[in-house]
Amino acid sequence: MTLTLMGEASHPGPVTAPLMLGNHAVNPPVVLAPMAGITNVAFRRLCREQGGGVYVCEMITTRALVERIPKTLKMIAFAEDEGFRSLQLYGVDPDVTAAAVRMVGERNLADHVDLNFGCPVPKVTRRGGGSALPWRRKLFGRIVRQAVQAAEAYGLPLTIKMRKGIDQDHLTYVEAGLTAQDAGVAAVALHARTAEQRYSGQADWDAIATLKQALDVPVLGNGDIWEGSDALRMVAHTGVDGVVVGRGCLGRPWLFADLEAAFTQGPDYQPVLPTLGEVAKIMSRHAQLLVEALEDERHGCADFRKHVAWYLKGFPVGGDLRRSLAMISSLAELDDLLGKLDPAVPFPVESLGQPRGRVNAPGKVSLPHGWLDSRDDDTVPEGAEMEDSGG
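These numbers were taken from a predicted model, which means no experiment stands behind them. (Residues numbered from 1 in each chain as written. Predicted model: local features only at pLDDT ≥ 70, side-chain atom pairs only at ≥ 80, totals over all residues. Heavy atoms only, no water.)

Student: Sorry if this is basic, but what is going on with the packing of aromatic side chains here?
Tutor: The relation between two aromatic rings is expressed through the spacing of the ring centres and the mutual angle of the planes. Counted according to the given criterion, the structure contains six aromatic pairs. Between phenylalanine 117 and phenylalanine 140, the aromatic rings sit 4.7 Å apart at their centres with planes inclined by 70 degrees, giving edge-to-face as the arrangement. In this pair, phenylalanine 117 sits in strand β7 (residues 112-117) while phenylalanine 140 sits in helix α6 (residues 137-152), placing the two residues 23 residues apart along the sequence. When its relative accessible area of 2% is taken as the criterion, phenylalanine 117 is described as buried. Taking the relative accessible area as the measure of exposure, phenylalanine 140 reaches 1% and is therefore buried. The interplanar angle of 90 degrees and the centroid separation of 5.6 Å between the aromatic rings of phenylalanine 315 and phenylalanine 347 together place this pair among those described as edge-to-face. Of this pair, phenylalanine 315 sits in the loop between α13 (308-311) and α14 (319-325) while phenylalanine 347 sits in the segment after α15 (331-338), and the two are 32 residues apart along the sequence. Take phenylalanine 315: its relative accessible area is 3%, and that puts it in the buried class. The positively charged end of arginine 163 is found above the aromatic ring belonging to tyrosine 199, 5.0 Å away from the centroid. The ring centre of tryptophan 135 lies 4.3 Å from the NZ or CZ of arginine 375, which sits over that ring. (Phe/Tyr/Trp six-rings, centres within 6.5 Å; stacked < 30°, edge-to-face > 60°. Helix = DSSP H or I, 4+ residues; strand = E, 2+ residues; numbered from the N terminus. Buried < 20%, exposed > 50% of the residue type's maximum accessible area, 1.4 Å probe, protein only. Lys NZ or Arg CZ within 6 Å of the ring centre and 35° of its normal.)

Student: Can you help me understand the pattern of salt bridges in this one?
Tutor: Two side chains with opposite charge may pair up if their charged atoms get near one another. The final tally for this structure, using the stated rule, is 18 salt bridges. The residue aspartate 81 makes a salt bridge to arginine 48 at a minimum N-O spacing of 3.0 Å. Of this pair, aspartate 81 sits in the loop between α3 (70-75) and β6 (86-90) while arginine 48 sits in helix α1 (residues 41-48), and the two are 33 residues apart along the sequence. According to the relative accessible area criterion, aspartate 81 is partly exposed, its value standing at 45%. Residue classification places arginine 48 among the partly exposed positions, given a relative accessible area of 23%. Note that arginine 252 is salt-bridged to glutamate 227, the shortest N-O span being 2.8 Å. Highlighted residues: arginine 252 in the loop between β11 (242-245) and α10 (255-265) and glutamate 227 in the loop between β10 (219-222) and α9 (228-238), separated in sequence by 25 residues. Here arginine 252 matches glutamate 227 in class, with each residue buried. When salt bridges that share partners are traced, they join Arg137, Glu175, Arg375 and Asp376 into one network. (Salt bridge = Lys/Arg side-chain N within 4 Å of Asp/Glu carboxyl O.)

In structure tokens form, the structure reads like this:
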């Protein structure tokens, strides 16, 4: 199901030019951020049905890919109609990362590779990975250079996503962006928070503007894009070439219709405001796609349960019905419960612009022993590579 825009809007023309990733034009310049347990083939299809962009699969660890771990190989499945397959890799060892990129090219597993240097999760940073890694600038440079060289052999555009740094005393984003640019990346995305902030506070859009001014390659901004209007404000404030959307689309896949309208029509676009009945249809569609993807109705319905609270956020739905929806075990049970909702209830406008998903407090970043002592140590930490994909 694709939701339609409410009302009429003027058409002054596109807000930005298409984002070029290699020879591929991304229009509108919108990227779905990889989210563990969320951006599987079912959710990506649901979002693609709403609007254009690049839809990235869940984070894949380089070691798990190279060692052909069955669970990881299942996670990189793409639908036949995904015209531009985007895969994000996480790795700490330059040689393993390059081998993973070569495997992507040799086996035609994807059309675009992104490297993760932004994950703030302790199990990642304590190994020196994710948002901790750019602090070790020589190791970071080796990883990106070797990955770009491996990607170039197969014509794969390679990008990176990072955070501002470990904390306010250990910022790395401008230096890391310049290093990545010199290595030949196609674009750089910045989540404008530090690892210490996790998902708390406000994203520092001024930092995105600073990075955009420092680089010649395209820069994408990430952080606090809850509505199409937020994307337009970010572009106006920072001059970025595109935006990356994560938590804002949780329980709101129609955000991509909103973003397409915003980038196509400009500030006069009309946002998507679905009724509860339209939301119910999207929920049913989402669950059906999960069942098809997992080829098991019980597992698909169990995977859908975590999305219920996001879809119903702000709507006047009773606690008993919410709990029942979050415990479904079949599609028939889901549709029966959705039928108890009042389809005419309007979208709760008071929830617009509000954070979704994880909203946690800042926390000390877990790092390997002595990680901050030397920026030029390019030794790969012992046990850094992980077998488990998905973050």
